[in-house]
Amino acid sequence: MKKQSFYSQPTSERSDRTRIPHVDPTAQQEDLTRQLNGYMGMSDDQLRDRLFQVAAQSRAQGTLDNDALDRFYQSASGMLDPQARARLAQLIAMLKQ
């Protein structure tokens, strides 16, 4: 008898601790679009304030630390022009304080 992979079991047969939620790509894209549209009309000051608010919430939840900020800078900086890269470095330095 062929052994069945754990991940090929129907979700209902798995214990609650090991459930892997289904992610609907369309819903995920729509959610991201809604979030981005919410930021489109904001000024630089409003965006910065929102960034610090989200960062404070994430730190309180234990999901943001200086290493995560460094990894974000490393992954995003290559896509930015020198001016935007310098601004991102400033923002990250401020977030680390």
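Check the entry above for the structure.
Residues numbered from 1 in each chain as written. Predicted model: local features only at pLDDT ≥ 70, side-chain atom pairs only at ≥ 80, totals over all residues. Heavy atoms only, no water.

**Student:** Would you mind going over the side chain of Ser-58 with me for this structure?
**Tutor:** Relative to the elements of secondary structure, Ser-58 occurs in helix α2 (residues 44–61). Contacts of Ser-58, omitting those with residues within four sequence positions, involve Thr-63 and Leu-64. (Helix = DSSP H or I, 4+ residues; strand = E, 2+ residues; numbered from the N terminus. Contact = heavy atoms within 4.5 Å.)

**Student:** I would appreciate a short explanation of the pattern of salt bridges in the present structure.
**Tutor:** Between side chains of opposite charge, a pair can form when the charged atoms approach closely. By the definition in use, this model includes four salt bridges. A salt bridge links Asp-45 to Arg-48; the nearest nitrogen and oxygen atoms lie 3.0 Å apart. Of this pair, Asp-45 and Arg-48 both sit in helix α2, three residues apart, which is roughly one turn of the helix. The class for Asp-45 is partly exposed, based on a relative accessible area of 44%. Among the residues examined, Arg-48 registers a relative accessible area of 24% and is labelled partly exposed. Among the salt bridges present, the one from Lys-96 reaches Asp-70, with a minimum N-O distance of 2.4 Å. Here the residue Lys-96 occupies a position in helix α4 (residues 82–96), and Asp-70 occupies one in helix α3 (residues 66–77), the gap between them amounting to 26 residues. (Salt bridge = Lys/Arg side-chain N within 4 Å of Asp/Glu carboxyl O. Buried < 20%, exposed > 50% of the residue type's maximum accessible area, 1.4 Å probe, protein only.)

**Student:** Hey, could you run me through the environment of Leu-80 in this one?
**Tutor:** Tracing the chain through its elements places Leu-80 in the loop between α3 and α4. Note on Leu-80: relative accessible area 28%, which makes it partly exposed. Once you skip the residues sitting within four places of it in the chain, Leu-80 turns out to touch Arg-85 and Leu-88.

**Student:** Would you explain α3 in this entry?
**Tutor:** Every α-helix carries 3.6 residues per turn, so stepping three or four residues along brings you back to the same face. Between the first and last C-alpha of α3 there are 16 Å, a value that for twelve residues agrees with the 16 Å anticipated at 1.5 Å per step. Three or more residues of α3 are buried, namely Ala-68, Leu-69, Ala-76 and Ser-77. Along the axis of α3, the buried positions cluster into a sector of 150°, meaning they face one direction only. Of the exposed residues in α3, the ones pointing more than 90 degrees away from its buried face are Arg-71 and Gln-74. Residues of α3 that are buried make contact with α2 and α4. The opening residue of α3 is Asp-65, an N-cap whose side-chain oxygen sits 3.2 Å from the backbone nitrogen of Asp-67. (Expected span 1.5 Å × (residues − 1). Arc of directions from axis to C-beta. Polar contact = N/O pair within 3.5 Å; in protein donor to acceptor, adjacent residues only side chain to side chain.)

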